[in-house]
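Chain by chain, the residues run as shown.
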Amino acid sequence: MGCLAESSVLQSPVFTKQPGSIVFPVDSQEKNREVVFSCEAQGSPSPLYRWKLNGTAITPKSVSHYSLSGGNLRISHLDKDQDAGTYQCLAFNSFGTIVSREASLTFAYMENFKTHRRSSVSVREGQGVVLLCGPPSHSGDLTFSWIFNEYPSFVKQDTRRFISQETGNLYIAKVEPSDVGNYTCVVTNTVTKTRVQGPPTPLVLRSDGIMGEYEPKIEVQFPEIVHVAKGSTVKVECFALGNPVPSINWRRMDGIPFSRKVDVRKASGVLEIPYFQQEDAGTYECVAENSRGRNTVKGKLSFYAPPHLIEKPQDVQKPIDDSLVWECKATGKPKPSYRWMKNGENLDMSLSLFIGKAIQDFSQSQLRSHTMVKEGGDVLMECRPKMSPWGGISWRKGSETLQERNRVSILDNGNLRIQNATKPDAGLYTCVARNQFGVASSSGTLMVKEPTIITTPPSTLDVTVGESIVLPCQVTHDPSLELKFTWFFNEQLIHFGDHGGYFEKVGGQHSAGDIMIRNIQLRHAGKYTCAVQTKVDSISIAADLVVRGPPGPPTSIHVEEISDTTASLSWRPGPDNHSPVTTYTIQARTPFSLGWQAVTTVPEMVGGRRLTATVIDLSPWVEYEFRVLASNAIGTGEPSKPSKQARTKETSPKVTPANVSGGGGSRSELVITWEPVPEELQNGGGFGYVVAFRPYGATGWMQAAVPSSEASKYVFKNDSIQPFSPFQVKVGVYNNEGEGPFGPVITIYSAEEEPGRAPTRIRAKSLSASEIEVSWKALPWNTSKRRVLGYEVSQKREKEEAASVQRTVGNQTSAIIRGVRGSNTYYVTVRAYNTAGAGLPSVTVNVTTKKPPPSQPPAKVMWNTLNSKIILNWEQVKALENESEVTGYKVLYKRNRHSRPSVMETNTTSVELSLPMDEEYFIQIKPFGEGGEGSSSRQITIPRIPGPNAIGSATKVSTLSALSTIALSFTARTSL
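Residues numbered from 1 in each chain as written. Predicted model: local features only at pLDDT ≥ 70, side-chain atom pairs only at ≥ 80, totals over all residues. Heavy atoms only, no water.

## Observations regarding the overall build of the protein chain
Thought 1: Within the protein chain one finds one helix and 86 strands.
Thought 2: Over its C-alpha trace the protein chain gives a radius of gyration of 47 Å, far above what one expects of a compact globule, namely 30 Å for 976 residues.
Thought 3: Projecting the C-alpha coordinates of the protein chain onto the three principal axes gives extents of approximately 145 × 85 × 80 Å.
Thought 4: In the protein chain, buried positions account for 41% of the 976 residues.
Thought 5: Look at the contacts in the protein chain between residues 6 or more apart in sequence, and 65% of them connect residues 24 or more apart.
Thought 6: Total accessible area on the protein chain stands at roughly 53,100 Å², and carbon and sulfur atoms take up 48% of it.
Thought 7: Taken as two groups, the 105 positive and 94 negative side-chain charges of the protein chain have centres that lie 5 Å from each other. (Helix = DSSP H or I, 4+ residues; strand = E, 2+ residues; numbered from the N terminus. Rg over C-alpha atoms; globule rule 2.2 N^0.38 Å. Buried < 20%, exposed > 50% of the residue type's maximum accessible area, 1.4 Å probe, protein only. Contact = heavy atoms within 4.5 Å. Areas by Shrake-Rupley, 256 points an atom, 1.4 Å probe, with all protein chains shown as cover. Lys, Arg positive; Asp, Glu negative; His and termini not counted. Charge placed at Lys NZ, Arg CZ, Asp CG, Glu CD.)

Here is the structure:
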């Protein structure tokens, strides 16, 4: 015999490294684009390698951009059309071939947006809006953001604004005036890191009124079913438009509360569940709610787990003509399917592989030591010896050899079957195997138990929504066996503790498995099955539960006929939920209504047997949706789905513009304004206005047509119009169907002339380095053609081209100009103004502002306490040459940081404060002079001092609080 070294042991290939999937970013700037799939295996002899692409063998020599390095496959000069696909590595030697897992090669890219402009989106204030992104052609995951007006001003998401990471669209639940502007969608490819911007979408406000309140309308919905891999993170989105802004809430339909790992971002309408597991699967509901109503959407998260091998074939060596069984088992959801491969090629096999013959004995297949059967039941006692060649099988009970009879039979495979078992059948049974090489046996005991019997008869139960009921399940059974009660609802296992707490076990006895259903809902109607199981038998009994409740939603809502103010509807009944429908209610919705509103019908009361009705009192030329609700003795059910939109017919308008007014404008103009008639009251297309006017006291009317429904102003210009002349005005309406009425007659004045005189006695003086006071003599009030509504005060420095202007209102004769610079000369003029503009300027006066206040703050502020007093000292502030002299100091003190400080003035550089010592104080000191207040000292904090005679220096920046009981005294230490 020879001895083989370990390195000479022969072995089939085993992978030590397998390829992984690759996502390659497309970049036209990179000339030599390449990837490498890794593959490495051990074996003896050393393995060789080959590769497949989409199931077809790759020949590197014949394809120039493929090359092998060991088992690694290098692909150069990548081509996304030619090289994308699924790759597999095959390693082989003389003992066989193994196949790696599949690895994919995909290419990530993103094109640019189309460059055409996007039209503006016009909405009312208070209305919801959706701005579409429409990302360009791409491959690879994307993220989305939106720019508001200009980069880098990005839209921030909150309860009112939401950006879907599924579609990229921007949703604004309720538009506000601050939302007006240009919106640009920004798309980023997470693989290539490429970012592109779409064309801007302008958002503008309509001028025909503000949108009223309405119920939530869910615009972002998650799919009805989402398949989620085990251990992955899932995000689902939900967002609604509405006024007021809807709140978004999430819940599980089975009532189970969310675990801590679940992230519910209410502000951004996203439900995120990390590390998804089987217990996270179920139906989830998004609830959008505001003061006008609520809407919901449901979706199911379905759990799946990739296959995971729990029993693998192992290498074995067998002699020729031997038999072999290989088991292959895996977990996964859905249940995995199996296939076998030999040297990389598929075999048509199941999860077990059987090869050849088997040599058997009892060493691996003893009889079960105890087998139980119920009285009257059938039992099979298996005898599976390993025996080669195959011989004979016999059985004995106790010491007696068993003979086949009516109830007892020995099957061809050696197993013993006993039918309709009785108590005397119990005992010790032995299986005996014989062939020419010998005898082997194995024994086991058969026990016969009393059968389990359910004593509760089958039944049908009838309940109403909201009630509670007990479903009984009681049995008799063999006292030596344990019982297990299991309940099913419509063939689905009931998990107690789930289902929102509706189901509860109440069977207190060992032989009772009763359950209670609390607060029953319609969804609880169906078949309930109680299954009872012991070690020897299992039986079940079913009960049908009928739940009576409000009717289900009607279906097939159809608008049969529609006029300018009526609509004839028909529908089909929904389920009555075991209580007859008594009445139907019809609701309508328009783009202008506050959600769904009840409407007037003929007949006024729609009975439960009637499936048609006519809606009356509708507005002409308005798009309507209708829905129907059914009621019975128990309550009103959920509404039907809306009908298709239908527009009422046109008719001549009936409503005139509101708030007709006017006045102002330029010389020789009559300006007439009004509030446009809302679209829902225009009664038809081609809507416009007829403006009629005449001089006050005249008999004939002049008229002008304004052919725009959104117009709110008309200007009549004629040189014959005298300034500030009264006119009688009325505004009417018309559309394609004809003219409507005129509104009431009102009086409006034509444009007036600017004031004809300039103010006199102009005075200007500097109050400080930053303030100038200007005064003048008022012009006499003239109620005829040249009214004075106020005055314009303008000021500028000598070399400045543009002057700064501020206005006063009424007969005010002075103004203070703030924000000027110290030590500068300003030129001031005053003019009167009215609606026609400003009149003649006054003479110009000049004024030089005072020097700026001291720029240096008080330094070296020190404090100490003595005999319940706080003594403050600081250095004198010296003004610079271009600054106004210091004439005193202001001491600001308060007790807490948020109160208003009290101010005391002194002309010294020290002060004593008599105040309680059990408080914390905040102090600042600032100098002042004729130029105003100078820079403040650092805020200092004087801490609470519990004991007397504590001394310290200011080291903190803080302020001192106002105290009504503080007494201050000042002592001159240093003269200014």
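## Brief notes about the side chain of histidine 65
Thought 1: Structurally, the position occupied by histidine 65 is in the loop between strand S6 (56-58) and strand S7 (66-69).
Thought 2: On the basis of relative accessibility, which here comes to 10%, the residue histidine 65 falls in the buried class.
Thought 3: Of note is the side chain of histidine 65, whose polar atom sits 2.9 Å from the side chain of aspartate 83.
Thought 4: Contacts of histidine 65, omitting those with residues within four sequence positions, involve Arg74, Ile75, Ser76, His77, Gln82 and Asp83. (Polar contact = N/O pair within 3.5 Å; in protein donor to acceptor, adjacent residues only side chain to side chain.)

## Looking at the pairing of strand S37 (residues 392-397)
Remember that side chains alternate between the two faces of the sheet whenever the strand is regular.
Thought 1: Note: S37 against strand S41 (residues 427-435), six bridges, orientation antiparallel. Of the residues in S41, the one forming a bridge with tryptophan 395 is cysteine 431.
Thought 2: Hairpin connection from S37 to strand S38 (residues 400-401): two residues lie between these consecutive antiparallel strands, with glycine 398 at a positive phi of about 65 degrees. (Pairing = 2+ DSSP bridges.)

## With respect to the packing of aromatic side chains
Thought 1: Within the structure shown, the criterion is met by 21 aromatic pairs.
Thought 2: The interplanar angle of 50 degrees and the centroid separation of 5.3 Å between the aromatic rings of tryptophan 674 and tyrosine 689 together place this pair among those described as tilted. Of this pair, tryptophan 674 sits in strand S63 (residues 669-675) while tyrosine 689 sits in strand S64 (residues 688-695); the two residues are 15 residues apart in sequence, bridging distant segments of the chain. Side by side, tryptophan 674 and tyrosine 689 carry an identical accessibility label, which is buried.
Thought 3: One cation-aromatic arrangement involves lysine 730 over tryptophan 701; the distance from NZ or CZ to the ring centre is 4.5 Å.
Thought 4: Seen from the ring of tyrosine 833, arginine 807 lies directly overhead, with NZ or CZ sitting 3.7 Å from the centre. (Phe/Tyr/Trp six-rings, centres within 6.5 Å; stacked < 30°, edge-to-face > 60°. Lys NZ or Arg CZ within 6 Å of the ring centre and 35° of its normal.)

## Comments concerning the sheet that holds strand S52 (residues 538-548)
Thought 1: Taken in spatial order, the five strands make up an open sheet running S44-S52-S51-S47-S48, and their pairing is mixed. Of all the strands in the sheet, the pair left with one neighbour each is strand S44 (459-464) and strand S48 (492-493).
Thought 2: Where strand S51 (residues 526-533) and S52 come together, eight bridges link them in antiparallel fashion. Each residue of the ladder has a partner; that of valine 532, found in S52, is isoleucine 539.

## A few points about the environment of glycine 595
Thought 1: Summarising the element assignment, glycine 595 is placed in the loop between strand S55 (581-589) and strand S56 (597-598).
Thought 2: On the accessibility criterion, glycine 595 (4% relative accessible area) is buried.
Thought 3: Along the backbone, glycine 595 and lysine 217 are 378 residues apart, and their C-alpha atoms lie at a distance of 9.1 Å.
Thought 4: Residues in contact with glycine 595, not counting those within four places in the same chain, are Glu213, Tyr214, Glu215, Ala588 and Arg589.

## Describing a positive patch on the surface
Thought 1: Taken together, Arg757, Arg761, Arg763 and Lys777 make up a surface patch of like positive charges.
Thought 2: Within the secondary structure, arginine 757 sits in the loop between strand S69 (746-749) and strand S70 (760-766).
Thought 3: A relative accessible area of 52% means that arginine 757 is categorised as exposed. (Patch = residues over 30% accessible without salt bridge, like charges linked within 9 Å, V, L, I, M, F, W, Y side chains within 5 Å. Salt bridge = Lys/Arg side-chain N within 4 Å of Asp/Glu carboxyl O.)

## Some words on the UniProt feature "domain: Fibronectin type-III" (unreviewed entry) in the protein chain
Thought 1: The sites that carry the UniProt feature "domain: Fibronectin type-III" (unreviewed entry) are, in the present numbering, residues 553-651, 656-753, 758-852 and 853-948.
Thought 2: Helix makes up 0% of residues 553-651 and strand 47%, whereas the separation of the span's terminal C-alpha atoms amounts to 34 Å. (UniProt positions renumbered as here; feature names shortened; annotations may be inferred.)

## Here's the deal with the sheet that holds strand S59 (residues 612-616)
Thought 1: Read across the sheet, four strands follow the order S53-S54-S59-S57 without closing on themselves; strand pairing throughout is antiparallel. On the outer flanks of this sheet lie strand S53 (555-562) and strand S57 (600-602), each paired with one strand and no other. Here the average twist between neighbouring strands, direction ignored, is 35 degrees.
Thought 2: Sheet topology note: the S57/S59 ladder contains three bridges and is antiparallel. (Axes fitted to C-alpha atoms, helices over the stretch in contact; angles between N-to-C directions.)

## A few points about the pattern of salt bridges
Thought 1: Evaluated as defined, the whole model comprises 34 salt bridges.
Thought 2: As a salt-bridge pair, arginine 518 and glutamate 504 come within 2.7 Å of each other at their nearest N and O atoms. Residue arginine 518 is located in the loop between strand S50 (515-517) and S51, and its partner glutamate 504 is located in strand S49 (residues 503-505); the two are separated by 14 residues in the primary sequence.
Thought 3: Note on arginine 518: relative accessible area 36%, which makes it partly exposed.
Thought 4: The exposure class assigned to glutamate 504 is partly exposed, which follows from its relative accessible area of 31%.
Thought 5: Among the salt bridges present, the one from arginine 787 reaches glutamate 752, with a minimum N-O distance of 2.8 Å.

## Some words on the environment of phenylalanine 489
Thought 1: Structurally, phenylalanine 489 can be placed in strand S47 (residues 484-489).
Thought 2: In contact with phenylalanine 489, not counting residues within four places along its chain, are Ile494, Arg523, His524, Ala525, Gly526, Lys527 and Tyr528.

## Points about the nonpolar core
Generally speaking, soluble globular proteins have nonpolar side chains that are buried together.
Thought 1: Ranked by size, the top nonpolar core spans 23 residues in total, and within it Trp487, Ile517, Tyr528, Val532 and Leu545 carry the most contacts.
Thought 2: Discounting residues that sit within four places of it in the chain, tryptophan 487 has contacts with Leu471, Pro472, Cys473, Gln492, Leu493, Ile494, Phe496, Gly513, Ile515, Tyr528, Thr529 and Cys530.
Thought 3: If you look at the next biggest cluster of nonpolar residues, it comprises 22 residues, including Ile218, Val262, Phe276 and Ala305. (Core = buried A, V, L, I, M, F, W, Y, C linked by side-chain atoms within 4.5 Å.)

## Observations concerning the state of the cysteines
Thought 1: Counted under the stated rule, the structure contains five disulfides.
Thought 2: The partner cysteine of cysteine 133 in its disulfide is cysteine 185, sulfur to sulfur 2.0 Å. Negative torsions about the S-S bond denote left-handed disulfides, and the value of about -75 degrees found for cysteine 133 with cysteine 185 makes this one left-handed. On the criterion of sequence distance, the pair formed by cysteine 133 in the loop between strand S13 (129-131) and strand S14 (138-139) and cysteine 185 in strand S18 (residues 181-189) is long-range, its members being 52 residues apart.
Thought 3: For cysteine 238, the disulfide goes to cysteine 286, at an S-S distance of 1.9 Å. The S-S bond linking cysteine 238 to cysteine 286 shows a torsion near -75 degrees; that makes this disulfide left-handed. Within this pair, whereas cysteine 238 is found in the loop between strand S23 (234-237) and strand S24 (239-243), its partner cysteine 286 is found in strand S28 (residues 282-290), the two being separated by 48 residues in sequence. (Disulfide = S-S within 2.5 Å.)

## Some words on the confidence of the model for the protein chain
Thought 1: Across the protein chain, the average pLDDT comes to 86, with 91% of residues at or above 70.
Thought 2: Low confidence marks residues 354-358, where pLDDT is under 50. Its contacts with residues over four positions away, or in another chain, come to 15 contacts.
Thought 3: Scored below 50 in pLDDT, residues 948-976 makes 99 contacts in the model with residues more than four places away or belonging to other chains. (pLDDT = per-residue confidence, 0-100.)

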